[in-house]
Amino acid sequence: MAKTIQENNSVQAAVLDFSKSFDKFPHKRLIYKLHHFGIRGPLSSWIESFLTNHSQSVVCEGKGSNPAQVTSGVPQGTVLGPLLFLLYVNDLPNTLKSSIRLFADDALLYGIISSDVDGDQLQTDLKKLEVWQNKWQVSFNPAKCKTICLSTKKVPPQRKCLFCGVELEQVASISIKE
């Protein structure tokens with residue numbers, strides 16, 4: 001991306017935030033994907049055992065709710081959690097024409113903008129991500145998603161991007177929180 005900008009081209013990017021990423025992905029779908037990646041046998045059984053047969057309850061003022069079975073997400077604070085999430089979203093780029101970078105619970109979708117068609121491609125890929133999230137039952141949080149144009153030259157405002165029914169805010173800078 002830096003080389004593209006140095007060559008005086010513009011890059012339009014969408015910074016995307018997964019909504020409660022480590023809590024939401026369904027265990028059965030993760031096991032299906034792991035099997036597709038060739039993770040089978042004892043390792044698959046161990047991961048399935050690690051994920052399943054957990055329950056949770058809420059305690060408020062000394063009174064607890066009935067335990068409920070946990071059927072999605074990973075146990076909080078585990079080393080395996082981020083890896084399993086990244087394996088779950090690993091196929092997300094497969095149908096996109098724009099470039100994408102995946103992080104723990106965020107994604108950066110971007111493309112070189114040299115014509116209106118290029119801007120249209122980013123919007124098309126955002127629509128494909130909506131289809132993907134519905135299929136795999138993982139959602140993005142459009143309220144936390146933003147677009148930004150990176151360029152060394154003064155660039156006219158980029159066209160607005162819609163994502164999950166929300167017009168994404170265009171920002172001039174983005175700070176990454178650790």
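Everything numeric in this text was worked out from a predicted model, so none of it was measured.

K.L.:
Would you mind going over helix α4 (residues 41-51) in detail, with residue names and values included?
P.N.:
Every α-helix carries 3.6 residues per turn, so stepping three or four residues along brings you back to the same face. Buried within α4 are the following residues: S44, I47 and L51. All buried residues of α4 project into a common sector of 65° when viewed along the axis, lining one side. N53 sits one or two positions beyond α4 and adopts a positive phi of about 60°.

K.L.:
Give me the lowdown on the pairing of strand β1 (residues 10-17), citing residues and values where you can.
P.N.:
By the criterion of burial, β1 is predominantly enclosed, with 7 of the 8 residues buried. When β1 meets strand β7 (residues 106-113), the two strands line up antiparallel, connected through 8 bridges. Looking at the pairing, A14 lines up with L109 of β7. Here β1 pairs with strand β8 (residues 146-150) via 5 bridges, running antiparallel. Paired with A13 across the strands is I148, a residue of β8.

K.L.:
Describe the pattern of salt bridges, naming the residues involved and giving the relevant values.
P.N.:
If you walk through the whole model with that rule in mind, you get 4 salt bridges. K127 is paired through a salt bridge with E130; the nearest N and O atoms lie 4.0 Å apart. Residue K127 and its partner E130 are both found in helix α6 (residues 116-136); the two are separated by 3 residues, about one turn of the helix. The exposure class assigned to K127 is partly exposed, which follows from its relative accessible area of 46%. E169 is the partner of K146 in a salt bridge, and the nearest nitrogen-oxygen pair spans 3.0 Å.

K.L.:
Tell me what's going on with helix α5 (residues 80-89), and back it up with residues and numbers.
P.N.:
Of the residues making up α5, those classed as buried are G81, L84, F85, Y88 and V89. One side of α5 carries all its buried residues, which in axial view fall inside an arc of 130°.

K.L.:
Now, about the environment of Y32: what can you tell me, with residues and values included?
P.N.:
On the secondary structure map, Y32 appears in helix α3 (residues 27-36). Assessed through its relative accessible area of 52%, Y32 is described here as exposed. Once the C-alpha coordinates of Y32 and S44 are considered, the two residues, 12 residues apart in sequence, prove to be 9.9 Å apart.

K.L.:
Residue-level account of the sheet that holds β1, with values.
P.N.:
Strands sit in the order β6-β7-β1-β8-β11 across an open sheet of 5 strands; the sheet is mixed. Two strands in the sheet have a free side with no partner beyond their single neighbour: β6 (99-102) and β11 (169-171). In this sheet, adjacent strand axes meet at a mean angle of 25° when their direction is disregarded. Across 4 bridges, β6 lies against β7 in antiparallel orientation. Its bridge partner being in β7, I100 is matched across the sheet by L109.

Each value, and the rule that gives it
- Every residue gets a number counted from 1 within its own chain, in the order that chain's sequence is written.
- In keeping with the predicted nature of the model, local features appear solely for residues at pLDDT of at least 70, side-chain atom pairs appear and are counted solely at 80 or more, and the whole-chain, interface and lining totals rest on all residues.
- Side-chain calculation: all heavy atoms of the structure are included, whereas hydrogens and water are not.
- Exposure categories follow from relative accessible area, calculated using a 1.4 Å probe and restricted to protein chains: below 20% of the type maximum is buried, above 50% is exposed, and the middle band is partly exposed.
- Each helix corresponds to a stretch of at least 4 residues labelled H or I by DSSP, and each strand to a stretch of at least 2 residues labelled E; elements are numbered beginning at the N terminus.
- Note that the arc is defined by the directions from the helix axis to the C-beta atoms.
- Strand pairing is defined by DSSP finding a minimum of two bridges between the two strands.
- Definition used for salt bridges: Asp or Glu carboxyl oxygen within 4 Å of a side-chain nitrogen of Lys or Arg.
- Fitted lines through C-alpha atoms serve as axes, helices being fitted only where they are in contact, and the angles separating the N-to-C directions of these axes extend from 0 to 180 degrees.

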